[in-house]
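# Observations on chain architecture
Residue strings, one per chain:
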Amino acid sequence: MLPRQNSVYSASHGFQPEEIKEKLSAFPGGSVDLLKQEESGLAVLTINNPSRMNAFSGSMMVELEERVAQLETWTQGKGLIVRGASGTFCSGSDLNAVRAISNPQDGMKMCMFMQDALTRLLRLPLVSVALVEGRALGGGAELTTACDFRLVTRDSVIQFVHKHMGLVPGWGGAARLVHIVGGRHALRLLGGALKVDPELGLQMGLADGLLEEVPDAGGAERDAALRQAEDWLSSYTKGPAQVVQATKRAVVSGRELPLTEALRAEKEVFGTVWGGPANLRALASKTKHK
Ligand SMILES: CC[C@H](C(=O)O)C(=O)SCCNC(=O)CCNC(=O)[C@H](O)C(C)(C)COP(=O)(O)OP(=O)(O)OC[C@H]1O[C@@H](n2cnc3c(N)ncnc32)[C@H](O)[C@@H]1OP(=O)(O)O
């Protein structure tokens, strides 16, 4: 079977989403904004808390899960760009909220909630890109790993600062980082809290592309970065949403499941497109594809 699209945890793990949402909502501030472009099938998710370097307040964690749930049912969706507001990515958890939930019980609940939300983000049947401008620190660095790809600007830094806080990642970032860069590089990035600039990111495979610099034109510069990211992503989201979504589902299965289960899941996905409208159109066109 395909990996469960919904949760990593269940009540048997003590995971009570509604209870956790209520507790997190007591820490307001900022927003997680979703803009869906129905025509292109592209969506932009903006982590929006600029006065806090886009740190996640408790209510923003709840909104993140709500936006992921919206995207899980978007049948025409093909691509997703995750970015921060005002030219910086995300500074992790809001330290004011963290201080208030620093007891083990609440910490574990926040951990399960964010691990679940970010796992579901990565499993979305959309091709996702983290557009990293400015700084992605702590949980913000973990958020970049919950996207299929990372595009970085010249001034960007991704830093897993957790060790400086006597922590390890708690939003799933360690597990995903090992899959992205391998165990050795993951240990260097976490153990050394290394500042990953574009050069190191590209060298390690954490970054998938460097966006061209645009003269400092303020908002226009940020729009230019978004346009570049959209252009980059469009190479992977051309064609019918059903085929793009099937492609991502097949990769998610291969990424997460043991081989035999992945093959069975691939068969299921194959069955959704074999003989489908796009397949029949391609056969009818009889053109050779480059
Ligand atoms: C599992 C995830 C993990 C956890 O939950 O345990 C975490 O993510 S913990 C948080 C990890 N993040 C950090 O440690 C980053 C903390 N922030 C900084 O190091 C700096 O603020 C920096 C480098 C992001 C920006 O430095 P700069 O000098 O350019 O600006 P300021 O420091 O003056 O920041 C501006 C303004 O934003 C507030 N701010 C920044 N980050 C956070 C944050 N994570 N939580 C709350 N507030 C944050 C900072 O306090 C300033 O506000 P002001 O009112 O002016 O003091």
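Here the residue numbers are simple positions, counted from 1 along each chain's written sequence. It should be noted that, the model being predicted, local features are given only for residues of pLDDT at least 70 and side-chain atom pairs only at 80 or more, the latter also being counted only at that level, while totals for whole chains, interfaces and linings use all residues. The side-chain values count all of the structure's non-hydrogen atoms but skip hydrogen atoms and water molecules.

### Quick word on the pairing of strand β1 (residues 31-37)
Note the cut-off: Two strands are counted as paired when DSSP detects at least two bridges linking them. Helical segments are the DSSP runs of H or I of at least four residues, strand segments are the runs of E of at least two, and each set is numbered from the N terminus.
The sheet contact formed by β1 and strand β2 (residues 42-48) spans seven bridges and is antiparallel. Note that in β2 the partner of L35 across the bridge is V44.

### Topic: the packing of helix α1 (residues 17-24) against helix α4 (residues 104-123)
The test is simple: In this analysis, axes come from line fits to C-alpha atoms, helices being fitted only over the stretch in contact, and the angle between any two N-to-C directions falls in the range 0 to 180 degrees. For classification purposes, angles smaller than 35 degrees are called roughly parallel, those larger than 145 roughly antiparallel, those between 65 and 115 roughly perpendicular, and all remaining angles oblique. Handedness of a crossing is defined here by the sense of rotation of the near helix relative to the far one, left-handed for an anticlockwise turn of less than a right angle and right-handed for a clockwise turn. Only heavy atoms enter the contact rule, under which two residues are in contact if any of them lie within 4.5 Å. Here the nonpolar group is Ala, Val, Leu, Ile, Met, Phe, Trp, Tyr, Cys and Pro; Asp, Glu, Lys and Arg are the charged ones; every other residue, Gly included, is treated as polar.
Here α1 crosses α4 at 110°, and the two axes come no closer than 10 Å. Taken together, α1 and α4 sit at an angle that is classed as roughly perpendicular. Read as a crossing pair, α1 and α4 show a hand that is left-handed. Two secondary-structure elements touch here, α1 through P17, E19, I20, K21, K23 and L24 and α4 through D106, K109, M110 and F113. Considered class by class, the residues forming the contact of α1 with α4 number five nonpolar, no polar and five charged.

### Comments concerning helix α7 (residues 183-191)
To be explicit about the condition: A simple rule labels every residue: compare its accessible area, found with a 1.4 Å probe on the protein chains alone, to the largest value its type can have, and call it buried under 20%, exposed over 50%, or partly exposed in between. Arc definition: directions from the helix axis to the C-beta atoms.
For α7, the complete set of buried residues consists of H185, A186, L189 and L190. For α7, the angular spread of buried residues about the axis comes to 125°, placing them on one side. Exposed and oriented more than 90 degrees from the buried face of α7 are R184 and L187. A193 occupies a position one or two residues after α7 and carries a positive phi of about 45°.

### Some points on the pairing of strand β6 (residues 149-152)
Alignment of strand β4 (residues 127-132) against β6, held across four bridges, turns out to be parallel. Residue pairing for β6: V132 is matched across the bridge by V152.

### Some points on the confidence of the model for the protein chain
Quick reminder of the rule: The predictor reports its confidence for every residue as pLDDT, a score running from 0 up to 100.
Per-residue confidence for the protein chain gives a mean pLDDT of 94; residues scoring 70 or more make up 93%. Among the scores for the predicted complex, ipTM is 0.97 and pTM is 0.95.

### Re the layout of surface pockets
Rule in force here: A cavity, in this analysis, means grid points on a 1 Å lattice covering only the protein atoms where a 1.4 Å probe fits yet has no way out; a pocket is instead an open set bounded by protein on both sides within 12 Å along at least five of seven lines, and a residue lines either one if it has an atom within 4 Å of a point. Grid points are joined across faces, edges and corners, and a volume is the space filled by probe spheres set on the points.
Considered as a void within the structure, the largest pocket measures approximately 670 Å³ in volume. Forming the boundary of the largest pocket are 29 residues, of which S93, V98, M110, M165 and L167 lie nearest the centre. With five residues, the top contributor of residues to the lining of the largest pocket is α4. Of the residues in the lining of the largest pocket, the class split is 15 nonpolar, eleven polar and three charged. The computed volume of the second largest pocket comes to approximately 440 Å³. Tallied by class, the residues present in the lining of the second largest pocket amount to five nonpolar, six polar and seven charged.

### Concerning the state of the cysteines
Any covalent bond linking the sulfur atoms of two cysteines counts as a disulfide. The condition that has to hold: Working definition: a disulfide is two cysteine sulfur atoms within 2.5 Å of each other.
Applying the stated rule across the entire model yields zero disulfides. The thiol of C90 is unpaired, and the distance to the nearest cysteine sulfur, on C147, comes to 11 Å. Judged by relative accessible area, C90 falls into the buried class, the value being 0%.

### Brief notes about the nonpolar core
The criterion, for reference: Only buried residues count toward a nonpolar core. Its members are Ala, Val, Leu, Ile, Met, Phe, Trp, Tyr and Cys residues joined through side-chain atoms within 4.5 Å.
Among the nonpolar cores identified, the biggest contains 51 residues, and F56, L64, L80 and I158 are the most heavily contacted of them. No other element matches α4, which puts seven residues into this core. Residue contacts for L64: discarding those within four places in its chain leaves V32, L45, F56, M114, A117 and L118. If you look at the next biggest cluster of nonpolar residues, it comprises 13 residues, including I81, V127, L226 and L233.

### Remarks on the site of the ligand
Condition: When we say a residue is near a molecule or strand, we mean one of its heavy atoms is within 4 Å of it. As used in this structure description, the phrase polar contact means that two N or O atoms lie within 3.5 Å; if the pair is within protein, one of them must be able to donate a hydrogen and the other to accept it, and residues adjacent in sequence are counted only when both atoms belong to side chains. Methods summary: accessible areas were calculated by the Shrake-Rupley approach with a probe of 1.4 Å, and residue burial reflects only the protein chains presented.
Taken together, 21 residues are adjacent to the ligand, and S91, S93, L95, R135 and G139 come closest. A distance of 2.8 Å separates a nitrogen atom of the ligand from a polar atom in the side chain of S91. Surface burial for the ligand is 63%, taken as the share of its 990 Å² of free accessible area covered by protein chains. Sorting the residues of the shell around the ligand by element identifies α3 (95-100), β5 (135-137) and α5 (139-145) as the ones contributing at least two each. Of the residues in the shell around the ligand, the class split is ten nonpolar, seven polar and four charged.

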